[in-house]
Structure formats: structure tokens, C-alpha cells
Amino acid sequence: MDCIFCGIAEGKIPCVKVYEDELILAFLDIAPICKGHVLVIPKEHHQSIASVPEATAGRMTRIAARIGIAFKRELDADGFNFHLSDGACAGQVVMHAHIHVVPRNPEDGFHWNWRQLKYASEDETKAIAEKIKQRIKG
Ligand code: 5GP
Ligand code: ZN
């Protein structure tokens, strides 16, 4: 399988590493939104975050949060974003699950272009929530 991030995890493709343990790896994005932008990946290949084992997914978010704190303490960031694209329609280009951690400042000039739709009715709102709730209940 030809996966860039597997190549990085196996040390066959170079990267600028910021963290590594037995489950995950974190390295600088080659084309950052803001300087310091990090990608956190599982070492094991999973296309979707949904199939990443819980211990690994938990480690990914924990380390991503610590990277965010490092941005604030060491790179003068005021805050940070987590971003995850799952599926091509969501903007996933590299089909190996990853969390983007992006340092942010008020003047960094980046905008998520977040639109704000409205639900047609309370019934529609509840029907959508109910479908999600039924599917994820443990
Ligand atoms: P996606 O759009 O799949 O969420 O993000 C993929 C990210 O991987 C992009 O931000 C892109 O810049 C980054 N990327 C792609 N190829 C490489 C690479 O070879 N090395 C590194 N460090 N980042 C990469
Ligand atoms: Zn992979």
C-alpha cells in the first residue's frame, strides 16, 4: 500500500518530528496553515479515525492538547485549533487518519469560513439528534 504517513511512521520518508511513542507520531505539516502546524497520526494505518483503537485515539487527542499548550507557551500562540478531515468530501487528502493542531493568533489572517445554517423546525432538529443518539448509544 502506498501511504505517505505509513512511510513517515516507518522512517522511510523524512519528517520533522515533535513527539513519538509506541502508538503515535507527531510531526510538522509540510505546508502549514500557521508556522508550527503539527499532524498527529497513529503509527498503525487506519483511513478513518473511527477505526483507530480507543487507546490510540485517546493518546492522539491527549498529545494534540499538549502540543496546543506548547504552542501557547513556546510559540506565543493565543490559542489553537484541532482539525480532522474524515473522507474525501470532508477534505481528507492523505487517507491515513490524522489530527491537525494549528497554533492561532488574532492577526494570523486565517479564517475557517464557517457558515451558520438553521434547522427548519424543532422536529427536524430533534429527528437528527435522535438518529445520532440511537446509533452511538453504548
Ligand atoms: P488532509 O487534507 O488529508 O487533512 O491533510 C493532509 C496534510 O498532510 C496536509 O496539510 C499536507 O500539507 C500534509 N502533508 C502531505 N504530505 C506530507 C508530507 O510528505 N510530509 C508532511 N510533513 N506533511 C505532508
Ligand atoms: Zn498509512
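Described below are features of the structure shown in this document. Every value quoted in this text rests on a predicted model; they were computed, and no experiment measured them.

Overview of the overall build of the chain
On a plain count of helices and strands, the chain comes out with three helices and five strands. Counting from the amino terminus, the chain carries its helices and strands in the arrangement α-β-β-β-α-β-β-α. Along the first, second and third principal axes, the C-alpha set of the chain runs to 50 × 40 × 25 Å. Each of the 138 residues in the chain was classed as buried or not, and the buried ones make up 35%. Put simply, 52% of the contacts in the chain that link residues at least 6 apart link residues at least 24 apart. Approximately 9600 Å² of the chain is accessible, and the part contributed by carbon and sulfur atoms is 55%. Charge centroids of the chain, computed over 17 positive and 18 negative side chains, lie 4 Å from each other.

Topic: the coordination of the zinc ion (ligand 2)
Distances from the zinc ion (ligand 2) to its protein donors, Cys-3 (SG), Cys-6 (SG), His-45 (ND1) and His-96 (ND1), fall at 2.0 to 2.3 Å. Bound by four donor atoms, the zinc ion (ligand 2) shows angles of 105 to 118 degrees at the metal and therefore tetrahedral coordination geometry. Each donor residue of the zinc ion (ligand 2) belongs to the same chain, and together they define the spacing C-x2-C-x38-H-x50-H. Here His-96 lies in the loop between strand 4 (79-83) and strand 5 (99-104) and Cys-6 lies in helix 1 (residues 4-9), a separation of 90 residues in the sequence. Take Cys-6 and His-96: they sit in the same class, and that class is buried.

Describing the site of ligand 1
Near ligand 1 lie 16 residues; those nearest to it are Leu-28, Asp-29, Val-93, His-98 and His-100. The separation between an oxygen atom of ligand 1 and a polar main-chain atom of Val-93 is 2.7 Å. One of the backbone nitrogen or oxygen atoms of Val-94 is found 2.9 Å away from an oxygen atom of ligand 1. In isolation ligand 1 exposes 510 Å². Once the protein is present, 81% of that is buried. More than half of the atoms of ligand 1 fall within 2 Å of the grid points belonging to the largest pocket. Residue assignment for the shell around ligand 1 shows that the elements contributing at least two residues are helix 1 and strand 2 (24-28). The biggest single contributor to the shell around ligand 1 is helix 1, with three residues. Partitioned by chemical class, the residues of the shell around ligand 1 number ten nonpolar, five polar and one charged.

Some remarks on helix 3 (residues 122-136)
An α-helical segment advances 3.6 residues per turn. Residues three or four places apart therefore align on the same side. Over its 15 residues, helix 3 runs 21 Å from end to end, which matches the ideal 21 Å to within 8%, given 1.5 Å per residue. In terms of residue burial, helix 3 counts as a barely covered element, since only zero of its 15 residues are buried. The N-cap of helix 3, judged by a side-chain oxygen 3.4 Å from the amide nitrogen of Asp-123 a few residues on, is Ser-121.

Some words on the layout of surface pockets
Its volume calculated, the largest pocket comes out at about 430 Å³. Around the largest pocket, the lining comprises 20 residues; the ones closest to its centre are Phe-5, Phe-27, Asp-29, Ile-30 and Leu-39. Elements that contribute at least two residues to the lining of the largest pocket include exactly helix 1 and strand 2. If you tally residues by element for the lining of the largest pocket, the top one is helix 1, at three residues.

Basis of the calculations
Sequence order sets the numbering: in each chain, residues are counted from 1 along the sequence as written. Chains carry letters from A onward and ligands carry numbers from 1 onward, assigned in written order. Where local features are concerned, this predicted model is filtered to residues with pLDDT of at least 70; where side-chain atom pairs are given and counted, the filter is 80 or more; whole-chain, interface and lining totals use all residues. Side-chain numbers come from the whole structure's heavy atoms, not from hydrogens or water. Runs of H or I in DSSP of at least four residues are treated as helices and runs of E of at least two as strands, each being numbered from the N terminus. Relative accessibility thresholds used throughout: buried, under 20% of the residue-type maximum; exposed, over 50%; partly exposed, between the two (1.4 Å probe, protein chains only). For this analysis, residues touch if any pair of their heavy atoms sits within 4.5 Å. Residue burial considers only the protein chains on display, and all accessible areas are found by Shrake-Rupley using a 1.4 Å probe. His is not counted here, nor are the chain ends, while Lys and Arg score as positive and Asp and Glu score as negative. Charged side chains are reduced to one point each, which is NZ for Lys, CZ for Arg, CG for Asp and CD for Glu. Only N, O and S atoms count as donors, using a 2.8 Å cut-off from the metal and 3.2 Å for Na, K and Ca, and because water is excluded some sites may appear unfinished. All geometry calls rest on donor angles, where a four-donor set with angles between 85 and 135 degrees is tetrahedral, four- and six-donor sets with opposite donors more than 155 degrees apart and all others between 65 and 115 are square planar and octahedral, and all else is irregular. Only heavy atoms are used to decide nearness, and a residue is near a molecule or strand if one of them lies within 4 Å of it. Side-chain atoms alone can form a polar contact between residues adjacent in sequence; in general such a contact is a pair of N or O atoms within 3.5 Å, and within protein one must be able to donate a hydrogen while the other accepts it. In this analysis the probe radius is 1.4 Å and the grid spacing 1 Å, with only protein atoms considered; a cavity is a set of points the probe fits into but cannot get out of, a pocket is an open set with protein on both sides within 12 Å along at least five of seven lines, and lining residues have an atom within 4 Å of a point. For a molecule to be placed in a cavity or pocket, more than half of its atoms must lie within 2 Å of the grid points of that cavity or pocket. Under the scheme applied here, ten amino acids are nonpolar (Ala, Val, Leu, Ile, Met, Phe, Trp, Tyr, Cys and Pro), four are charged (Asp, Glu, Lys and Arg), and all others, including Gly, are polar. By this rule, a helix spans an expected 1.5 Å times one less than how many residues it contains. Grid points are joined across faces, edges and corners, and a volume is the space filled by probe spheres set on the points.

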